[in-house]
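The chain contents come next:
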Amino acid sequence: MTAPVITTDRASADEPTYHILLIEDDEGDTLLVEELLHDTGLRFELTTSTTLAEARGALADRRINCILLDLHLPDASGTGAVTAIRSLAPHTAVIVLTGLSEAQAGTEAMAAGAQDYLVKGKVEADLMHRTVRYAVYRSQTERANAEAQAARLRAEENARLERGLLPQPLLDTSTVRVTSRYLPGAEMTLLGGDFLDVVEGDDGLLHAVVGDVSGHGPDAAALGVCLRIAWRSLVLGGHRGDDLLHLMERILIAERGNQQLFATCTLLTLDQAAATATLHLAGHHEPLLTTVEGTLELTASHGIALGIAPGVDSWPATVVPLPAAGALTLYTDGLTEGHNGPGRERLGVEGLLALIESLPPTPPATHVDLLIKETHELNAGRHSDDVAVLRLDWGRQPANG
């Protein structure tokens, strides 16, 4: 492998540098290609290899955006050489060099994935110039199209997961107003394992859950969807409290396979007739209660997260008296674990409460949107985590939301 050769002869100031790898085992042909490239006026960096094995090392060590490939190498030939080099550099332009007697070799090489071909002995500087430029442009366009298609597929997958993680509340007669939001932790990423749901049972009580599966990405998201669907089915089937959480833990263990995933969650049962909320915390934090007097964090007993110590089955219930009008907000820790401004301090629950008190009086949906927006601005992208928020309003709307 020769050292890279750089030329700027006749190249304009705005001309890009083409990083070219020539894979050719004939010294005479290699010299001719180098001379042609000099005559093109392109700004280029040339690296040469005599075998596919050497080319593999060059591709690993250097940035290459165009490959000139001879079809008769000691360790690869014909369309097999094209297939092999495309597998090594799928997003790099490949131009095949063929002999005068190989009439079909060029078209077969393009069918195998090459961007273009040149016939040795019939190549002039202008043709080489156009071929390199257009091949690199086509390769870049193909890569951009592939990335756009991947982004579309990712968006569709996110939408499918979102439908599973953010279901429509199942309410019949309840007058409780439900506001829910879910934001992934980073742009262009799969939703994580946060989940939430609200259903009205046959007993007329309103049941809600907010949970968070450890980790991020498709595995956590799939498990989150599974737990959310299991929770809804079990609640509608009449399961409550410890029994419900025990069954959810069994499902989590069965579905996580050999991955050591666990989940935290808050279960809430709202009884408007009795003016109470019953809480079960499985490794999760307490909800917030908003009244005309302001917002505070409820005090409740804690139980262990699901999947941490299977069989412990300890999730004590806490019954909280409710005012005639108010709101309960359940959320995942993505809302509080971000930074509280430019320093290193985290927002935390205290910072969240202070932020809530500083927001202007708005309808519930606007209030939740503002809250998420403000926490994201304070964090300034330094901590990345999914955020799920579920707010339940009843009676006359509280003054701050």
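Quick notes on the rules
- By convention here, each chain's residues receive numbers from 1 onward along its written sequence.
- Per-residue local features of the predicted model are confined to residues with pLDDT of at least 70, and side-chain atom pairs are confined, for both listing and counting, to 80 or more; whole-chain, interface and lining totals are unaffected and use all residues.
- Remark: hydrogens and water are excluded; side-chain values derive from all non-hydrogen atoms of the structure.
- Each helix is a run of H or I in the DSSP string that is no shorter than four residues. Each strand is a run of E no shorter than two, and both are numbered from the N terminus.
- Working definition: with a 1.4 Å probe on protein chains only, accessible area under 20% of the residue-type maximum means buried, over 50% means exposed, and in between means partly exposed.
- We call two residues in contact when some of their heavy atoms are within 4.5 Å.
- Accessible surface is estimated by sampling points in the Shrake-Rupley manner with a 1.4 Å probe; for residues, cover comes only from the protein chains shown.
- Think of it this way: DSSP has to see at least two bridges between two strands before they count as a pair.
- Between N-to-C directions, angles cover 0 to 180 degrees, with each direction set by a line fitted to C-alpha atoms, over the stretch in contact for helices.
- The rule for a salt bridge is simple: a side-chain nitrogen of Lys or Arg has to be within 4 Å of a carboxyl oxygen of Asp or Glu.
- Here a cavity means grid points, on a 1 Å grid over the protein atoms only, where a 1.4 Å probe fits yet cannot get out; a pocket means an open set of points with protein on both sides within 12 Å along at least five of seven lines; lining residues are those with an atom within 4 Å of a point.
- Grid points are joined across faces, edges and corners, and a volume is the space filled by probe spheres set on the points.
- Residues were grouped as follows: Ala, Val, Leu, Ile, Met, Phe, Trp, Tyr, Cys and Pro as nonpolar; Asp, Glu, Lys and Arg as charged; and all remaining residues, including Gly, as polar.
- Only buried Ala, Val, Leu, Ile, Met, Phe, Trp, Tyr and Cys residues count toward a nonpolar core, and they belong to the same one when joined by side-chain atoms within 4.5 Å.
- The scheme is simple: roughly parallel for angles under 35 degrees, roughly antiparallel for over 145, roughly perpendicular for 65 to 115, oblique for anything else.
- Here a crossing is taken to be left-handed if its near helix is turned anticlockwise relative to the far helix by less than a right angle, and right-handed if that turn runs clockwise.
- When charges are counted, Lys and Arg contribute as positive and Asp and Glu as negative, whereas His and the chain ends are disregarded.
- Polar contact is the term for a pair of N or O atoms within 3.5 Å; when the atoms are in protein, one must be able to donate a hydrogen and the other to accept it, and sequence-neighboring residues count only if both atoms are side-chain atoms.

Novice: Would you explain the overall build of the chain in this entry?
Specialist: The number of helices and strands found in the chain is nine helices and 19 strands. Per-residue burial over the chain gives 48% buried out of 401 residues. Sequence separation of at least 24 residues holds for 70% of the intrachain contacts in the chain that already meet a minimum separation of 6. When the accessible surface of the chain is summed, it comes to about 18500 Å², and 52% of that surface belongs to carbon and sulfur atoms.

Novice: When you look at the sheet that holds strand β18 (residues 326-331) in this model, what are you seeing that I'm missing?
Specialist: The pairing of strands in a sheet happens through backbone hydrogen bonds and is either parallel or antiparallel. One open sheet accounts for five strands, arranged β9-β19-β18-β14-β15; its pairing is antiparallel. Two strands in the sheet have a free side with no partner beyond their single neighbour: β9 (177-183) and β15 (294-297). Ignoring strand direction, the axes of neighbouring strands in this sheet form an average angle of 15°. Where strand β14 (residues 288-291) meets β15, four bridges bridge the pair, whose relative direction is antiparallel. By the bridge assignment, Thr-291 is partnered in β15 with Gly-294. Taken strand by strand, helix α8 (residues 348-358) contacts β14, β15 and β18, and its axis lies near 170° from that of β15. Strands in contact with helix α9 (residues 364-379) are β9 and β19 (387-394); relative to β9, the strand with the most contacts, it is inclined by about 25°.

Novice: It is not clear to me how the pattern of salt bridges should be interpreted in this structure. Could you clarify?
Specialist: Any two side chains of opposite charge can pair, so long as their charged atoms come close to each other. Counted under the stated rule, the structure contains 10 salt bridges. Across the salt bridge formed by Lys-120 and Asp-70, the nearest N and O atoms sit 2.9 Å from each other. Residue Lys-120 is located in the loop between β8 (116-119) and α5 (125-165), and its partner Asp-70 is located in strand β4 (residues 66-70); the two are separated by 50 residues in the primary sequence. Residue Lys-120 is classed as partly exposed on the basis of its relative accessible area, which comes to 22%. Linked by salt bridges that have partners in common, Glu-24, Asp-29, Asp-70 and Lys-120 make up one network.

Novice: Can you walk me through empty space enclosed by the protein in this structure?
Specialist: Gaps between atoms show up when a probe of the same size as a water molecule is rolled over them. For the structure shown, the criterion picks out two cavities of 30 Å³ or more. Reported here for the largest cavity is a volume of approximately 50 Å³. Every residue lining the largest cavity is listed: Leu-288, Thr-290, Thr-295, Thr-329, Ile-356, His-367, Val-368, Leu-371, Val-389 and Arg-391. The set of elements that each furnish at least two residues to the lining of the largest cavity consists of β14, α9 and β19. With three residues, the single largest contributor to the lining of the largest cavity is α9. Taken together, the residues of the lining of the largest cavity sort by class into five nonpolar, four polar and one charged.

Novice: Any chance you could explain the nonpolar core here in plain terms?
Specialist: The biggest cluster of nonpolar side chains holds 23 residues, and the ones touching the most others in it are Leu-268, Leu-270, Leu-322, Leu-328, Leu-390, Leu-392 and Trp-394. Elements supplying a minimum of two residues to this core: β10 (194-200), β11 (206-213), β12 (263-271), β13 (276-282), β18 and β19. The greatest single-element share of this core, amounting to four residues, is contributed by β19. Apart from residues no more than four positions distant in its own chain, Leu-328 is found in contact with Leu-268, Leu-270, Ala-277, Leu-288, Leu-289, Leu-298, Leu-322, Leu-390, Arg-391, Leu-392 and Trp-394.

Novice: Teacher, can you tell me more about the packing of helix α2 (residues 52-61) against helix α3 (residues 78-88) here?
Specialist: Two numbers describe how α2 lies on α3: the axes approach to 11 Å, and their chain directions differ by 20°. Taken together, the axis directions place α2 and α3 in an arrangement best described as roughly parallel. The two elements α2 and α3 cross, and the hand of that crossing is right-handed. Of the residues in α3, those in contact with Leu-52, Ala-55, Arg-56 and Leu-59 of α2 are Ala-84, Ile-85 and Leu-88. Within the contact of α2 with α3, the residues separate by chemical class into six nonpolar, no polar and one charged.

Novice: When you look at the side chain of Arg-86 in this model, what are you seeing that I'm missing?
Specialist: Among the structural elements, Arg-86 can be located in helix α3. Buried and unpaired, Arg-86 has no salt bridge, with Glu-142 as the nearest side chain of opposite charge at 4.3 Å. Among the polar contacts listed, one links the side chain of Arg-86 to the backbone oxygen of Gly-113, at a separation of 3.3 Å. The residues touching Arg-86, leaving out its near neighbours within four places in the chain, are Thr-92, Val-94, Ala-112, Gly-113, Gln-115 and Glu-142.

Novice: Would you take a moment to explain the packing of α8 against α9 for this structure?
Specialist: Two quantities define a packed helix pair, namely the angle between the helix axes and the distance between the axes. Closest axis-to-axis distance for the α8/α9 pair is 10 Å, and the angle between their directions is 125°. Here α8 is positioned oblique relative to α9, judged by the angle of their axes. Considering how the two elements wind past one another, α8 and α9 form a crossing that is right-handed. Only His-367, Leu-371, Glu-374, Thr-375 and Leu-378 of α9 make contact with α8, whose side of the interface consists of Leu-352, Leu-355 and Ile-356.

Novice: Please explain the environment of Val-210 as it appears in this structure.
Specialist: With respect to the secondary-structure elements, Val-210 resides in strand β11. On the basis of relative accessible area, Val-210 is assigned to the buried category, the value being 1%. Put simply, Val-210 and Thr-266 are 56 residues apart on the chain and 5.5 Å apart in space, counted from C-alpha to C-alpha. When sequence neighbours within four positions are dropped, the list of residues in contact with Val-210 reads Phe-195, Leu-196, Thr-264, Cys-265, Thr-266, His-284, Leu-330, Tyr-331, Thr-332 and Leu-390.

Novice: Explain the environment of Gly-334 to me, please; I cannot follow it from the model alone.
Specialist: The residue Gly-334 is located in the loop between β18 and α8 in this model. Expressed as a C-alpha distance, the spacing of Gly-334 and Asp-385, which sit 51 residues apart in the sequence, is 5.1 Å. Ignoring sequence-local partners within four residues, the contact set of Gly-334 consists of Asp-385, Asp-386 and Val-387.

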